[in-house]
Each structure stands twice: as C-alpha cells, then as structure tokens.
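An overview of the molecular structure
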Amino acid sequence: MQAFSFRTVPHLLIERGASARLGDVLATRFQARRVCVVTDGFLHASGLLQPALASLRAAGFDVLVIDDVQADPPDVVVDAVTARARAFGAQLVLGIGGGSSMDVAKLVAVLLAGTQALAEMYGVDQVRGERLPLVQVPTTAGTGSEVTPIAIVTTGATTKSGIVARQLYADMAVLDADLTTGLPATITAATGIDAMVHAIEAFTSRRLKNPLSDQLALQSLDLLSRHLLRACQDGQDLEAREAMLLGSLLAGQAFANAPVAAVHALAYPLGGRFHLPHGLSNALVLPHVLRFNAETAPAAYAQLAEALVPGLSGEVPAKAQAFIRHLEALTAATGLPMRLREHGIPADALPQLAADAMLQTRLLVNNPRELSEADALAIYRSAF
Ligand SMILES: [Zn+2]
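Quick summary incoming for the structure in this document. (Residues numbered from 1 in each chain as written. Predicted model: local features only at pLDDT ≥ 70, side-chain atom pairs only at ≥ 80, totals over all residues. Heavy atoms only, no water.)

**So, the pattern of salt bridges**
Taken as a whole, this structure holds 18 salt bridges when the rule is applied. A salt bridge links Arg-34 to Asp-62, with the shortest nitrogen-to-oxygen separation between them at 3.1 Å. Here Arg-34 is found in strand 2 (residues 34-40), whereas its partner Asp-62 is found in strand 3 (residues 62-69), with 28 residues between them in sequence. The exposure class of Arg-34 is partly exposed, given its relative accessible area of 27%. Judged by relative accessible area, Asp-62 falls into the partly exposed class, the value being 40%. Measuring nitrogen to oxygen at the nearest pair gives 2.9 Å for the salt bridge that ties Lys-209 to Asp-214. (Salt bridge = Lys/Arg side-chain N within 4 Å of Asp/Glu carboxyl O. Helix = DSSP H or I, 4+ residues; strand = E, 2+ residues; numbered from the N terminus. Buried < 20%, exposed > 50% of the residue type's maximum accessible area, 1.4 Å probe, protein only.)

**Observations concerning the coordination of the zinc ion**
Donor atoms from the polypeptide that bind the zinc ion are Asp-194 (OD), His-198 (NE2), His-264 (NE2) and His-278 (NE2), placed at 2.1 to 2.2 Å. Each of the four donor atoms bound to the zinc ion contributes to angles spanning 88 to 162 degrees, and the resulting shape is irregular. Spacing between the donor residues of the zinc ion along the chain follows D-x3-H-x65-H-x13-H. On the criterion of sequence distance, the pair formed by His-198 in helix 6 (residues 185-203) and His-264 in helix 9 (residues 262-274) is long-range, its members being 66 residues apart. (Donors = N, O, S within 2.8 Å, 3.2 Å for Na, K, Ca; no water. Tetrahedral: all angles 85-135°; square planar, octahedral: opposite > 155°, others 65-115°.)

**Examining the nonpolar core**
With 115 residues, the main nonpolar core has Val-93, Leu-107, Ile-200, Leu-266, Phe-323 and Tyr-380 as its most contacted residues. When near neighbours in sequence (up to four residues on either side) are disregarded, Phe-323 contacts Ile-200, Leu-221, Leu-290, Tyr-301, Leu-304, Ala-305 and Leu-308. Leu-22, Val-35, Val-65 and Val-174 belong to the second largest nonpolar core, which has 25 residues in total. (Core = buried A, V, L, I, M, F, W, Y, C linked by side-chain atoms within 4.5 Å. Contact = heavy atoms within 4.5 Å.)

**A closer look at the packing of helix 6 against helix 8 (residues 238-257)**
Across the interface, helix 6 lies against helix 8 with an axial gap of 8 Å and an inter-helix angle of 35 degrees. Our pair here, helix 6 against helix 8, has a crossing hand that is left-handed. Contact residues: helix 6 offers Thr-188, Gly-192, Ala-195, His-198, Ala-199 and Ala-202, while helix 8 offers Arg-241, Met-244, Ser-248, Ala-251, Ala-254 and Phe-255. When the residues that make up the contact of helix 6 with helix 8 are grouped by side-chain class, the tally is seven nonpolar, four polar and one charged. (Axes fitted to C-alpha atoms, helices over the stretch in contact; angles between N-to-C directions. Left-handed = near helix turned anticlockwise from the far one by under 90°. Nonpolar A, V, L, I, M, F, W, Y, C, P; charged D, E, K, R; others polar.)

**Brief notes about the environment of Glu-242**
Along the chain, Glu-242 falls in helix 8. A relative accessible area of 28% places Glu-242 in the partly exposed class. Spatially, the C-alpha atoms of Glu-242 and Ile-14 are 8.8 Å apart, while their sequence positions differ by 228 residues. The contacts of Glu-242, once residues within four sequence positions are left out, are Arg-16 and Ala-177.

**As for the packing of helix 6 against helix 10 (residues 278-296)**
Remark: helix 6 packs on helix 10, axes separated minimally by 8 Å, with the N-to-C direction vectors making an angle of 45 degrees. Between helix 6 and helix 10, the angle falls in the class oblique. Both helix 6 and helix 10 take part in a crossing whose hand is left-handed. Mapping the contact onto sequence places Ala-190, Ile-193, Asp-194, Val-197, His-198 and Ile-200 in helix 6 and His-278, Gly-279, Leu-280, Asn-282, Ala-283, Leu-286 and Leu-290 in helix 10. The class makeup of the residues in the contact of helix 6 with helix 10 is eight nonpolar, four polar and one charged. (Parallel < 35°, antiparallel > 145°, perpendicular 65-115°, else oblique.)

**Side note on the pairing of strand 9 (residues 172-175)**
The alternating pattern of strand 9 places Met-172 and Val-174 and Ala-173 and Leu-175 on opposite faces, both of which are buried. Where strand 1 (residues 11-14) and strand 9 come together, four bridges link them in parallel fashion. Following the sheet pairing, His-11 is matched in strand 9 by Met-172. (Pairing = 2+ DSSP bridges.)

**Some points on helix 10**
If you check helix 10, its first and last C-alpha atoms are 27 Å apart, about what 19 residues at 1.5 Å a residue would give, namely 27 Å. Residue Leu-286 marks the point of greatest curvature in helix 10, where the axis turns by about 45 degrees; the proline Pro-287 follows within four residues. With 15 of its 19 residues buried, helix 10 lies for the most part within the structure. (Expected span 1.5 Å × (residues − 1). Bend = angle between axes of the 7 residues up to and from the residue.)

**Considerations on the sheet that holds strand 7 (residues 150-155)**
Read across the open sheet, the three strands follow the order 5-8-7; overall the sheet is mixed. Here the strands that pair on one side only, and so sit at the sheet edges, are strand 5 (123-124) and strand 7. Here strand 7 runs beside strand 8 (residues 159-164); their pairing, made up of six bridges, is antiparallel. Each bridged residue has a counterpart across the sheet, and for Thr-154 the counterpart in strand 8 is Lys-160. This element, helix 5 (residues 99-113), spans strand 7 and strand 8 of the sheet and lies at about 95 degrees to strand 7.

Next up, the structure:
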C-alpha cells in the first residue's frame, strides 16, 4: 500500500439543537472563559445565534461577538478582528457562520497566540507556533471549513490567497442542522454543489488521494447527491439538512487531506474579479473542467459514476461521461443559472480569468490532467 498521512479535527459533535447548549459543551471541554465569537453581521442580526450566545453566557463565559466578517474576507478585516479580540483578552476563538467566518476564526486564533504577521503566513506550512483553542460551528453546508486546515483571504483588489497549515485544524467542530434551516434555496444549492466538488476533487486528486479520503468522498457524494434537491425544495426538511451538513463535513475531511484542484483554481478568479459566491463559481465551471479531465483520466469518474448512478453499464469513458451528465442534471434541477454570461461576466474578461487561474499553482498541481492557460480559456469559453 502507498504510504499516506491523514489528519482531521479530533472532536466532532453532530447533534441537532447542540448550539443551544454550546455553553455547557465548551465549559466541560476547555479551561478558557473569555470567548471571542467570530461571525458576520447578517447572521448576528438574524437572531440565529441567540441560543448559542445565551448558553455561553449562562455557562459563565465572557463573550465578545465580532460580526465584521464579510464574504471573501480581506486581509485588513482579519487584522482588525484580531486587534479587537486581543484587546478583549480572548482565550478561546469560536467561529460561527459560513466559510468566511470560520476561516477568519482560524487566523485570529493563530495570530493572537504568536507574533507572526498575516502576510508571512500565505502558502503551505508557513505558520509558526501554536494557536488559541478554536471551535467551529458551521451555518452552511458546503465549505467544510470546520474540518480543514485552510483559510482563504482576499489580498489586494482581485486576488485570493490561501493559508494551509496544521495549526488551522480546530480543536472541535459542532454541527447543528437547526442552524442551516433558514438558508435560502439558491445558497443551499451553491454551497451544496461546492461540497460535492470537494468530494469529487479529493477523489481525483493527483498527489495525496488515499484510502480514507476516498471513502469519505464516496460517502459524502452519496449523501449530498441524494439530499441536495430535498434541502433546496424544503429548507425545513431537517433530515435533508442534516445529511447535507454531514456530507459537507465528510467532503471537508477528504479534501483537507487530498486537496482540491482545477475546478477550484478556475472558480477563484470568478470570485476575485466578479464577486461571485464561492459555491456558485465552482458550480459554473464544474462540468467543463470534468469533461476536460475525463478525456485523459476517466477511471476515477467512472468509479464515482458506479457509486452514484444506479444500473450503469458500459465502458470506462462512457461511465465517466454518465457521471458528468448526472451532475449536470442535478445542478440544473436546482434552478441555478449555469452560464457565466447569466452572472454578468463579459466575454472579453475570459482571457484575464484564464491568466488569473494559472496563478493558483497550489491547486493546479493536484489536477488529474495538466492544464495550460489555453486550456483554462477554452474551459471558460465552454462555460460562457
Ligand atoms: Zn470549495
């Protein structure tokens, strides 16, 4: 067997309603009593966090809520949140929200514990020292950020940079499906498809794919593909919401170890240049990247097809195409407009997007097929 290493968050609590008893959960697990909650203003104003915040205070925690996080958080926001958390004397960092809030929480926990500047942390394994205790509570089912060692920061006007380091794995993640029932159908669809992309790209990752990430990816894809439409059609369907949340977590565990590739590399410029949400960006380029990859590496897609599409027969290339068509039908059924031009992207921006995508070398090295700038442009054109 090929040697491999696998890391994940050591403590997972998956329990409907758990956020309402978060105070007791954290009081028995941590010594810290000054908690900095990192979240976004919309979530804070919605009242969704109230049961969690009330339970923290009832359990004796001093709580500072910082709700400055915005989607695609810029580096200056990370530094500003850190300064406020430091002034408060935070001893534990609690990220509650989507990927952006959880990513900022990771960085705040690291920045508070050391003297290293954020600018020195970009890339893989550049973080020195340790971090404050860190707990993550996702409110969307998609990013899997609660179990990944990755934080994405917007640096400058149009670029997103990643920080990947073992210190960014949280001590604990709490998954409460009650927190996801209010998500609108479009966000449910886009984030759910993002989670499916995590599973697919982990399963086909060129370098670090391993038996554990494969099993996680397969189970994740099964859960996500069977419950995506249910969760979109009825947001209060708790069984579907729980399956999506678990599927997202399993995909997160998979891609934390077998990293994502060209779908994400081509999605990031859409966020950077046009502020398309991460999940939507991934959904838009997904089938086109898979067709490109399947031409030279169809075997893994054929395996996924066998797991997902009942009664499938035929040769490997045909099965790979069936898998891609299955995904396309699923994403179309969510009602998301699936063309770049339907999201305000002009045709003359495609060459710039292709040039930007080539900068995502951290991701492109994981792609099952070598991808040039001309390939990237052709993929954007077919997605246009
Ligand atoms: Zn993603």
